[in-house]
Amino acid sequence: MSDFINNFWNMYVVVLVIASLLFCAFIIMSNKAARSSGPVELHGHQWDETLAEWNNPLPRWWVWLFWITIVFAVVYLAAYPGLGNFGGKLAWSSTGAYDKEVKDAEAKVAPLFERYAGMDVQQVAADPEARAMGQRLFLNNCAQCHGTDARGSRGFPNLTDGDWLYGGTPEAIKTTLVNGRNGAMPAFGTTLDGEQLRDVVHYVRSLSGLTTDNVRVQRGKATFAANCAACHGADGKGNQMVGAPNLTDATWLYGSTEALVTQTLQKGRNGHMPAHGELLGDKKIHLLTAYVWGLSNNAAGAK
Ligand code: HEC
Ligand code: HEC
């Protein structure tokens, strides 16, 4: 657990700490003025014309406080980490304390997770307590990208609308969560010339009934068949195998304006959904799968 590259810095800290403690003790000892019963003398310094200082010893309680702090430091350093590499007799560490807390917390919820792990996704999604747990997991792990209400934003899919890039069956959702997903929409900025690009943008927008230039739509159709149909399908309805969105509906991941569709085609798009399988483990993934599935399949779940 050492952070030092070699023992020199370890010894340096040890010596520094011990020397400081000894030095503090020395200062206290060397300032110990004997209490005399006779008259107290003046120090001999004078400020502001008349302000003089009596040479009284420090109050006893104060000196004791100094000694107590020194003793406390010694006891503390014997018990807890602080003296160079020495971990202390109690072998306490912040990571150890954290691990124990996590373990205790997990032991407490384990039976609950266990129960839900044995139920299928539809049943879990119908259980209000499981939904509440799924929601908490979602807020902790997913909301930063998909929003607290799971409705997403540009580039981050809405998970409540029943429209899926990769499929909305429990199996497909689970695969998404465990392995993550990488959207790969190639850039056509160099493959297509400016006119072809504009034509195909018009064609794409025509698929969902947005206003377009009919001549361009006719020309764009051929460009689409040659360059886009492989992924988005001849009819533009998309392909969940590669996460190619349906271009004929009103749901847009990156925006439907001419400018945004042009940008999508020119530069390509690479949405990245990180893998969560290892991070969360089977049982949490199961709860989250049910939560996400419930958002669009379960009237009660989509709150
Ligand atoms: C770093 C941002 C980020 C985080 C965190 C994240 N996601 Fe995603 N997620 C995305 C992006 C981006 C996509 C779209 C991927 C694409 O464009 O191909 C996506 C896609 C998805 C999909 C597929 C949607 C579809 O239409 O098929 C699901 C389901 C999903 N995420 C659920 C979750 C859940 C549940 C969590 C939390 C465990 C989560 N995501 C965490 C960014 C994120
Ligand atoms: C190799 C497969 C592939 C090809 C070829 C391809 N696309 Fe895509 N396209 C995708 C994928 C995958 C996405 C989603 C990207 C993401 O999730 O980040 C996408 C996204 C899009 C979007 C964004 C949709 C939205 O909801 O915002 C549009 C528009 C689009 N493609 C149009 C086209 C056009 C037009 C062509 C042909 C010039 C084309 N694509 C060629 C795979 C492809």
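Rules used in this analysis
- Residues numbered from 1 in each chain as written.
- Chains lettered and ligands numbered in written order.
- Predicted model: local features only at pLDDT ≥ 70, side-chain atom pairs only at ≥ 80, totals over all residues.
- Heavy atoms only, no water.
- UniProt positions renumbered as here; feature names shortened; annotations may be inferred.
- Helix = DSSP H or I, 4+ residues; strand = E, 2+ residues; numbered from the N terminus.
- Contact = heavy atoms within 4.5 Å.
- Donors = N, O, S within 2.8 Å, 3.2 Å for Na, K, Ca; no water.
- Tetrahedral: all angles 85-135°; square planar, octahedral: opposite > 155°, others 65-115°.
- Buried < 20%, exposed > 50% of the residue type's maximum accessible area, 1.4 Å probe, protein only.
- Domains from an automatic or database assignment.
- Core = buried A, V, L, I, M, F, W, Y, C linked by side-chain atoms within 4.5 Å.
- Near = heavy atom within 4 Å.
- Polar contact = N/O pair within 3.5 Å; in protein donor to acceptor, adjacent residues only side chain to side chain.
- Axes fitted to C-alpha atoms, helices over the stretch in contact; angles between N-to-C directions.
- Parallel < 35°, antiparallel > 145°, perpendicular 65-115°, else oblique.
- Left-handed = near helix turned anticlockwise from the far one by under 90°.
- Nonpolar A, V, L, I, M, F, W, Y, C, P; charged D, E, K, R; others polar.
- Expected span 1.5 Å × (residues − 1).
- Arc of directions from axis to C-beta.
- Pairing = 2+ DSSP bridges.

This brings us to the UniProt feature "domain: Cytochrome c" (unreviewed entry) in the chain. The residues that UniProt annotates with the feature "domain: Cytochrome c" (unreviewed entry) are residues 129-208 and 215-296. Note that residues 129-208 is 51% helix and 2% strand, and that its end C-alpha atoms are spaced 40 Å apart. The distance from the first to the last C-alpha atom of residues 215-296 is 39 Å, and the span holds 57% helix and 2% strand.

Right, let's talk about the UniProt feature "binding site: heme c 2" (unreviewed entry) in the chain for a bit. According to UniProt, the feature "binding site: heme c 2" (unreviewed entry) maps to Met-185, Cys-228, Cys-231 and His-232 in the numbering used here. A stretch of 48 residues holds the annotated residues, and the largest C-alpha distance among them is 10.0 Å, short enough that they meet in one place. Locating Cys-231 in the fold gives a position in helix α10 (residues 229-232). Apart from the residues lying within four places of it in its own chain, the contact partners of Cys-231 are Gly-238, Asn-239, Val-242 and Ala-244.

So, on to the coordination of the iron atom of ligand 1. Bound to the iron atom of ligand 1 on the protein side are His-146 (NE2) and Met-273 (SD), at distances that span 2.0 to 2.1 Å. Metal-centred angles of 89 to 179° between the six donor atoms at the iron atom of ligand 1 mark the site as octahedral. Taken together, the residues span a long stretch of sequence, with His-146 in helix α6 (residues 143-146) and Met-273 in strand β4 (residues 272-273) at a distance of 127 residues. On the accessibility criterion, His-146 (10% relative accessible area) is buried. The buried category is assigned to Met-273, whose relative accessible area is 17%.

Take the domain arrangement of the chain next. Parsing the chain into structural domains produces domain 1 (1-31 + 55-92), domain 2 (96-183 + 273-297) and domain 3 (194-270). For domain 1 and domain 3, the distance between their C-alpha centres works out to 71 Å.

A word on the nonpolar core. Tyr-116, Val-124, Phe-138, Leu-287 and Leu-288 are the most contacted members of the largest nonpolar core, which has 26 residues in total. Listing elements by their share of this core, those giving two or more residues are α3 (94-117), α4 (121-126), α5 (128-141), α7 (170-179) and α12 (277-297). No other element matches the nine residues that α12 contributes to this core. Setting aside chain neighbours within four positions, we find Phe-138 in contact with Ala-143, His-146, Gly-147, Ala-150, Leu-159, Leu-288, Tyr-291 and Val-292. In terms of nonpolar packing, the next biggest core, distinct from the first, is built from 14 residues, Met-185, Leu-197, Val-200 and Leu-247 among them.

Further remarks concern the coordination of the iron atom of ligand 2. For the iron atom of ligand 2, every protein donor is listed as Met-185 (SD) and His-232 (NE2), and the spread of their distances is 2.0 Å. Taken together, the six donor atoms surrounding the iron atom of ligand 2 define angles of 88 to 179° at the centre, an arrangement classified as octahedral. With Met-185 in the loop between β3 (181-182) and α8 (194-207) and His-232 in helix α10, the pair connects residues that are 47 residues apart, well separated along the chain. Residue Met-185 is classed as buried on the basis of its relative accessible area of 18%.

This next bit is on the site of ligand 2. Close to ligand 2 lie 24 residues; Met-185, Cys-228, Cys-231, His-232 and Tyr-254 are nearest. At a separation of 2.8 Å, a nitrogen atom of ligand 2 approaches a polar side-chain atom of His-232. Between Tyr-254 and ligand 2, the recorded distance is 2.5 Å, taken from a side-chain N or O atom to an oxygen atom. Secondary-structure elements contributing two or more residues to the shell around ligand 2 are α10 and α11 (258-267).

In this section: the packing of α8 against α11. α11 packs onto α8 with a crossing angle of 120° between their chain directions and a minimal axis gap of 10 Å. If you check the angle between α8 and α11, you find them oblique. Our pair here, α8 against α11, has a crossing hand that is right-handed. Contacts from Leu-197, Arg-198, Val-200, Val-201, His-202, Val-204 and Arg-205 in α8 reach Glu-258, Val-261, Thr-262, Leu-265 and Gln-266 in α11. Of the residues assigned to the contact of α8 with α11, the class counts are six nonpolar, three polar and three charged.

What follows concerns α5. Here α5 spans 20 Å end to end across 14 residues, near enough to the 20 Å set by a 1.5 Å rise per residue. Of the positions making up α5, those classed as buried are Ala-130, Arg-131, Met-133, Gly-134, Leu-137, Phe-138 and Asn-141. Projected onto a plane normal to the axis of α5, the buried residues spread over an arc of 160° and lie on a single side. Facing away from the buried side of α5 by more than 90 degrees, the exposed set consists of Pro-128, Arg-136 and Asn-140.

The next point concerns the pairing of strand β1 (residues 42-47). Examined bridge by bridge, β1 and strand β2 (residues 51-54) share three bridges and lie antiparallel to one another. Paired with Trp-47 across the two strands is Leu-51, which belongs to β2.

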